[in-house]
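Residue strings, one per chain:
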Amino acid sequence: MGCSIRLKVANLLGFWLLIFTEVVVGRFVVEKNSLRVTSPESIKGTHDSAIGNFGIPQYGGSMAGIVVYPKDNRKGCKNFDDFGISFKAKAGAMPNFVLVDRGDCFFALKVWNAQNAGAAAVLVADDLDEPLITMDSPEEDVAAAKYIVNITIPSALVDKNFGEKLKKAISGGDMVNVNLDWREAVPHPDDRVEYELWSNSNDECGVKCDMLMEFVKDFKGAAQVLEKGGYTQFTPHYITWYCPQAFTVSKQCKSQCINHGRYCAPDPEQDFSTGYEGKDVVLENLRQLCVFRVANETKKPWIWWDYVTDFQIRCPMKEKKYNKECAEGVIRSLGLDLKKIDKCMGDPEADSDNPVLKEEQDAQIGKGSRGDVTILPTLVVNNRQYRGKLEKGAVLKALCAGFEETTEPSVCLTGDVETNECLENNGGCWQDTTANITACKDTFRGRVCECPVVNGVQFKGDGYSSCVASGPGRCKISHGGCWHENRNGITFSACVISMNARRRKPVNALNAAARIHGAVMSVLVAGTYCKTTAEVKSAWTAVWIILIGLAMAAGGAYLVYKYRLRSYMDSEIRAIMAQYMPLDSQNEVPNHVHEDRA
């Protein structure tokens, strides 16, 4: 039984080795970052280094540090703690970049051991005189899978000659200062980023497939936001191979390929006699390409992310649901036109080219600065292959580095891509611990020191040593640095807004000295100043005098009003009464009636 299994595996490996030998005649481009030595003078200059395909390169940013070469465990294949070695930098010191030799173990294990010992980055010195290569993670290694996903520091391979120069300088007692620069690792020509993801619908290919599936689920939200906002143009791709002409009628080609050996994929279980076949994977890859094309015609290309994630959840190989029926159920749920997708896929039994898959094979060949796509999964950003951990934050940082500076969307300023440099010593920027205000801002390009805007109040200064609140609203921030006191739940402050205050003794609004009772601060135009105790008291005296004066004026007015109203009423009453009875002051009226009778 054991011999039979080994024979099957040997046949399978031999079959695919033959295909690779005949098919892969391409060009592999190593993605590089710049390594600049600033001291000592003997090796000062800029050198190339190959970015490791694991960990998190600081795309769009740079790192400065000191190179250290351990006395023991120089290949880094063992735990540095066993040798009592630590690379953790002391407070205030520059971070340590550990130099290790190539050989004896996986590149990823060297970086993992150095990271656990406190290294900020790892440089691997090649032991062969050869062009730089990409340090990749192991294909199938259960033990390696446990630590690869947790590698968070960047790493790079340097050539043998440069590695020897670094070792010589360190052994001679020189302090080797270097700067790792990823700012040009991704081109950033304009305000839109074009990127591609070369993947596979196979979910049974081991660690890398699991990592890919997890990434697609995590990154879907950010990808759709960028696509809907017009910030990015995303295109999915799938690698396929063809079967050599001499084997197109073989059992292996028939089970792994469609269209008479033109488009093939490896067997998911690595066993021709059981489970799913390679052609099942090719058909689903083709279906996912057509989903993207049909969605793109409806101006909603981001639906591809929904289909792929839903298919992973609803149609996994482990549950024997990786089939056409399950896929069509997902397509219907997303409201896509199933007939258009079927038409796009064409006839897999036809002895002719499939236009969609033919384009994919042509696209695999490198063009310009991009090499051939031979590693799965592969991310290409602005025609440069991404190197590093396939993780949401790391990939988002690489995409953000692809925008022309100042054109980055708001998602590039979220916590997912922060460098967290502000967490240590406030990034060397200004801060007011009392008001909990800082000028340090984390971005995907590294930290910047910029005076902030707080509650609508703009701080002004260099961002490093000083930031001073400015404008009419500065009294909102620590009372503009003026005296203030809380009495019975009511806050009294000497900070006053003035439109044309005379310039007197200027002080820093956030300086402790400005809080001294009676300190003075003013500005020429709209601004604030601090009143002294005497000024505050005299102001209140003036207010009381005005209020008393107003009260007296009101009382006098009332008396005058009351006197005039009474005089008016008296005159009216006298006039009415005079019509009905003589008053004492009037003469008696003669009676003419008695005179007529006489």
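Everything quoted here is computed from the prediction, not taken from an experiment.

The next point concerns the overall build of the protein. Each helix and strand counted, the protein has 14 helices and 24 strands in total. Of all 598 residues assigned to the protein, the portion counted as buried reaches 44%.

Turning our attention to the UniProt feature "transmembrane region" (unreviewed entry) in the protein. Here, UniProt's "transmembrane region" (unreviewed entry) annotation points to residues 12–30, 50–69, 509–529 and 541–561. A distance of 30 Å separates the end C-alpha atoms of residues 541–561, which is 100% helix and 0% strand.

If you walk across this open sheet you meet the three strands as β18-β19-β20, and the pairing is antiparallel. Strand pairing shows two members of the sheet lacking a second neighbour, β18 (453–454) and β20 (468–470), which therefore form its edges. In this sheet, β20 lies alongside strand β19 (residues 457–460) in antiparallel orientation, the contact comprising three bridges. By the bridge assignment, Lys-460 is partnered in β20 with Val-468.

Our focus in this paragraph is the packing of helix α7 (residues 278–297) against helix α11 (residues 355–364). For any two helices packed against each other, one specifies the crossing angle of their axes together with the interaxial distance. Put simply, α7 and α11 touch, their axes get as near as 10 Å, and they point 95 degrees apart. By the angle between their directions, the pair α7 and α11 is classed as roughly perpendicular. Here Val-282, Leu-286, Leu-289, Cys-290 and Arg-293 of α7 come into contact with α11, specifically with Val-356, Leu-357, Glu-359 and Glu-360. Among the residues forming the contact of α7 with α11, the class breakdown is six nonpolar, no polar and three charged.

Turning next to helix α10 (residues 338–345). Taken together, the buried positions of α10 are occupied by Leu-338, Ile-341, Cys-344 and Met-345. Down the axis of α10, the smallest arc covering the buried residues is 120 degrees, so these residues share one side. Of the exposed residues in α10, the ones pointing more than 90 degrees away from its buried face are Lys-339 and Lys-343. Looking at the buried side of α10, the elements it contacts are α7, α9 (324–333) and α11. Sitting at the head of α10, Asp-337 places a side-chain oxygen 3.0 Å from the backbone nitrogen of Lys-339. Of the residues flanking the end of α10, it is Gly-346, one or two places downstream, whose phi is positive at about 70 degrees.

On to the state of the cysteines, then. Tallying each qualifying case throughout the model produces seven disulfides. Disulfide partner of Cys-77: Cys-105, at an S-S distance of 2.1 Å. Handedness here is read from the sign of the S-S torsion; for Cys-77 and Cys-105, about -85 degrees, the answer is left-handed. With Cys-77 in the loop between β3 (62–68) and β4 (96–101) and Cys-105 in the loop between β4 and α2 (107–116), the pair connects residues that are 28 residues apart, well separated along the chain. One disulfide in the model links Cys-243 with Cys-253; its S-S distance is 1.4 Å. Linking Cys-243 and Cys-253, the disulfide has an S-S dihedral of approximately 40 degrees and is accordingly described as right-handed. Linking Cys-243 in the loop between β9 (232–238) and α6 (251–256) with Cys-253 in helix α6, this pair joins segments that are 10 residues apart in sequence. The same class applies to Cys-243 as to Cys-253, namely buried.

On to the pattern of salt bridges, then. This structure, assessed with the given rule, holds 16 salt bridges. Note that Asp-351 and Arg-262 form a salt bridge whose closest N and O atoms lie 2.7 Å from each other. Taken together, the residues span a long stretch of sequence, with Asp-351 in the loop between α10 and α11 and Arg-262 in the loop between β10 (257–258) and β11 (263–264) at a distance of 89 residues. With a relative accessible area of 53%, Asp-351 lands in the exposed category. Among the residues examined, Arg-262 registers a relative accessible area of 25% and is labelled partly exposed. Put simply, Asp-362 and Lys-358 hold a salt bridge, and the shortest N to O gap is 3.3 Å. Residue Asp-362 and its partner Lys-358 are both found in helix α11; the two are separated by four residues, about one turn of the helix. Given the relative accessible area of 37%, Asp-362 is considered partly exposed.

Another point: the environment of Val-176. Checked against the element boundaries, Val-176 lands in the loop between α4 (160–171) and β7 (177–181). Given the relative accessible area of 0%, Val-176 is considered buried. Note: C-alpha distance between Val-176 and Val-68 (108 residues apart in sequence) is 8.0 Å.

It is worth spelling out the packing of α7 against α10 at this point. Their axes nearest at 9 Å, the elements α7 and α10 cross at an angle of 125 degrees. Overall, the two elements α7 and α10 adopt an arrangement that is oblique. α7 and α10 meet at a crossing whose hand is right-handed. Residue-level contacts link Leu-283, Leu-286, Arg-287, Cys-290, Val-291, Arg-293, Val-294 and Glu-297 of α7 to Lys-340, Ile-341, Cys-344 and Met-345 of α10. Residues of the contact of α7 with α10, tallied by class, amount to eight nonpolar, no polar and four charged.

Right, let's get into the sheet that holds strand β13 (residues 384–385). To summarise the sheet geometry, strands pair through backbone hydrogen bonds and adopt either a parallel or an antiparallel arrangement. Taking strand neighbours across the sheet as the criterion, the four strands line up as β9-β8-β12-β13 in an open arrangement whose pairing is mixed. Across the chains shown, the open sheet's two edge strands, defined by having one partner strand only, are β9 and β13. One ladder, built from four bridges, connects strand β8 (residues 193–199) with strand β12 (residues 378–381); its direction is antiparallel. Bridging across to β12, Glu-196 finds its partner in Val-380.

As a further point, take the side chain of Asp-432. Assignment of secondary structure puts Asp-432 in strand β14 (residues 431–432). With relative accessibility at 8%, the residue Asp-432 sits in the buried group. Separated by 3.2 Å, the side chain of Asp-432 and the backbone nitrogen of Thr-434 make a polar contact.

Glancing now at a nonpolar patch on the surface. Together, Val-543, Trp-544, Ile-546, Leu-547 and Leu-550 give the surface a local cluster of nonpolar side chains, amounting to about 520 Å² of exposed area. Checked against the element boundaries, Trp-544 lands in helix α13 (residues 533–578). Exposure remark for Trp-544: the relative accessible area of 55% places this residue in the exposed category.

Two numbers describe a pair of aromatic rings. These are the distance of the centres and the angle of the planes. Tallied over the full model, the rule gives 13 aromatic pairs. Their ring planes at 55 degrees and their centres at 5.9 Å tell us that Phe-219 and Trp-305 sit as a pair that is tilted. You can see Phe-219 sitting in helix α5 (residues 207–228) and its partner Trp-305 sitting in helix α8 (residues 303–314), a full 86 residues away along the chain. Residue Phe-219 is classed as buried on the basis of its relative accessible area, which comes to 0%. With a centroid separation of 5.2 Å and 50 degrees between ring planes, the pair formed by Phe-234 and Trp-304 is classed as tilted.

Cut-offs used in this document
Residues numbered from 1 in each chain as written. Predicted model: local features only at pLDDT ≥ 70, side-chain atom pairs only at ≥ 80, totals over all residues. Heavy atoms only, no water. Helix = DSSP H or I, 4+ residues; strand = E, 2+ residues; numbered from the N terminus. Buried < 20%, exposed > 50% of the residue type's maximum accessible area, 1.4 Å probe, protein only. UniProt positions renumbered as here; feature names shortened; annotations may be inferred. Pairing = 2+ DSSP bridges. Axes fitted to C-alpha atoms, helices over the stretch in contact; angles between N-to-C directions. Parallel < 35°, antiparallel > 145°, perpendicular 65-115°, else oblique. Contact = heavy atoms within 4.5 Å. Nonpolar A, V, L, I, M, F, W, Y, C, P; charged D, E, K, R; others polar. Arc of directions from axis to C-beta. Polar contact = N/O pair within 3.5 Å; in protein donor to acceptor, adjacent residues only side chain to side chain. Disulfide = S-S within 2.5 Å. Salt bridge = Lys/Arg side-chain N within 4 Å of Asp/Glu carboxyl O. Left-handed = near helix turned anticlockwise from the far one by under 90°. Patch = residues over 30% accessible without salt bridge, like charges linked within 9 Å, V, L, I, M, F, W, Y side chains within 5 Å. Areas by Shrake-Rupley, 256 points an atom, 1.4 Å probe, with all protein chains shown as cover. Phe/Tyr/Trp six-rings, centres within 6.5 Å; stacked < 30°, edge-to-face > 60°.

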